[in-house]
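Structure assessment
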Amino acid sequence: MSVFNASRLLGKTVLVTGASAGIGAATAILFAKGGSNVILCARRVDALKTVAEACAAAHKQSGLTEGGKFVSLPLDVSDKKQVASFLDNVPAELRSIDVLVNNAGFVLGVERIGDISEADMEAMFTVNVFGLINVTQLLIKDFKARKTGHIINIGSIAGREPYAGGAIYCATKHAVRSFTGSLMREVVDTPIRVTEIQPGMVETEFSIVRFRGDKSAADKVYQGIQPLVAEDIAEEIVWAAARPPHVNIAEVFVLPTNQATATLSYRAPQ
Ligand code: 8X3
């Protein structure tokens, strides 16, 4: 944790969406280790149990006395009603949120344009774009009123560079990039910080979902290359949050060493 200047995270309250697995879970655990409180959210609250336990263990291990409050709450970011009443379910002591990590998002299918189902289109836009906007709209008013706050959106290489077989996912992540840029510009006269983290290839359940549960197809994506892992991205998120208040990390584009673009990677011969 030394590079993070953990003291800036002490006692902060961080809300992480999509915290039940992958980047979201790793992020929640790393903030816990840095002495922050974490509100863990996911569609199914039971899926958060193991992550919340890991947060408590990481915090205990850190020996820090600050932070250490972990609450798991159900949140479907695409359900406007649920988002609207969400803060009522947050314990009062954690209601002053310092950092929002908009992580919930997914990719479904590799179909080409013309063969993409409306259901897949809707599902990706509803969560990746509208969900992220819903949660941001909920918290930004409070951040403005309190003149503080940091919104960290999880974008993607897919938001910088479209690729074949990813039309909808790429469009959603381009939307995230654009929305994040507008937000950063809108709050330029405030202490609110806005960051977008743009990961390349990360090995998580994310790929298995892309291939609709076909693990061997997902595994092929990582053949011959060492991909990033969720913890690599969590480190960037926590690092961005731990910068001094006058430093805003606008974008972090993170790739495995052997990946250069969405479609150009070096793979060791098998
Ligand atoms: C995930 C990265 O390359 O699968 O957002 O689009 S990629």
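Above this text is the structure in question.
The shown structure was predicted, so the numbers you read here are calculated from the model rather than taken from an experiment.

**Description of the site of the ligand**
Every residue close to the ligand is listed here: Ser156, Ile157, Ala158, Tyr163, Tyr169, Pro199, Gly200, Phe206 and Arg210. Residue tyrosine 163 places a side-chain N or O atom 2.5 Å away from an oxygen atom belonging to the ligand. The side chain of tyrosine 169 places a nitrogen or oxygen atom 2.6 Å from an oxygen atom of the ligand. Across the complex, the protein chains shield 84% of the 240 Å² of accessible surface that the ligand would expose by itself.

**Regarding the sheet that holds strand 6 (residues 193-199)**
Taken in spatial order, the seven strands of this open sheet run 3-2-1-4-5-6-9, and their pairing is parallel. The two strands at the open ends of the sheet, each matched to only one other strand, are strand 3 (70-74) and strand 9 (251-254). The sheet shows a mean angle of 15° between the axes of neighbouring strands, taken without regard to direction. Looking at chain direction, strand 1 (residues 13-16) and strand 2 (residues 37-42) are connected through four bridges and run parallel.

**Observations concerning the packing of aromatic side chains**
Evaluation of the coordinates by the stated rule reveals one aromatic pair. Between tyrosine 169 and phenylalanine 206, the ring centres sit 5.5 Å apart and the planes meet at 65°, which makes this aromatic pair edge-to-face. Separated by 37 residues along the polypeptide, tyrosine 169 in helix 6 (residues 167-186) and phenylalanine 206 in helix 7 (residues 205-210) bring together distant segments of the chain. Classification of tyrosine 169 as buried rests on a relative accessible area of 5%. Sitting over the face of the ring of phenylalanine 253, arginine 160 holds its NZ or CZ atom 3.9 Å from the ring centroid. Cation over ring: arginine 210 sits above tyrosine 169, and NZ or CZ is 6.0 Å from the ring centre.

**Structural notes on the packing of helix 1 (residues 22-33) against helix 9 (residues 230-241)**
The geometry of helix 1 relative to helix 9 is characterised by a closest axis approach of 8 Å and an angle of 50° between their N-to-C directions. Classified by the angle their axes make, helix 1 and helix 9 are oblique. You can see that helix 1 and helix 9 cross each other, and the crossing is right-handed. Along its contact with helix 1, which presents Gly22, Ile23, Ala26, Thr27, Leu30 and Phe31, the element helix 9 presents Ala230, Glu231, Ile233, Ala234, Glu235, Ile237, Val238 and Ala241. Looking at the contact of helix 1 with helix 9 residue by residue, the class counts come to 10 nonpolar, two polar and two charged.

Definitions and cut-offs
- Residues numbered from 1 in each chain as written.
- Predicted model: local features only at pLDDT ≥ 70, side-chain atom pairs only at ≥ 80, totals over all residues.
- Heavy atoms only, no water.
- Near = heavy atom within 4 Å.
- Polar contact = N/O pair within 3.5 Å; in protein donor to acceptor, adjacent residues only side chain to side chain.
- Areas by Shrake-Rupley, 256 points an atom, 1.4 Å probe, with all protein chains shown as cover.
- Pairing = 2+ DSSP bridges.
- Helix = DSSP H or I, 4+ residues; strand = E, 2+ residues; numbered from the N terminus.
- Axes fitted to C-alpha atoms, helices over the stretch in contact; angles between N-to-C directions.
- Phe/Tyr/Trp six-rings, centres within 6.5 Å; stacked < 30°, edge-to-face > 60°.
- Buried < 20%, exposed > 50% of the residue type's maximum accessible area, 1.4 Å probe, protein only.
- Lys NZ or Arg CZ within 6 Å of the ring centre and 35° of its normal.
- Parallel < 35°, antiparallel > 145°, perpendicular 65-115°, else oblique.
- Left-handed = near helix turned anticlockwise from the far one by under 90°.
- Contact = heavy atoms within 4.5 Å.
- Nonpolar A, V, L, I, M, F, W, Y, C, P; charged D, E, K, R; others polar.

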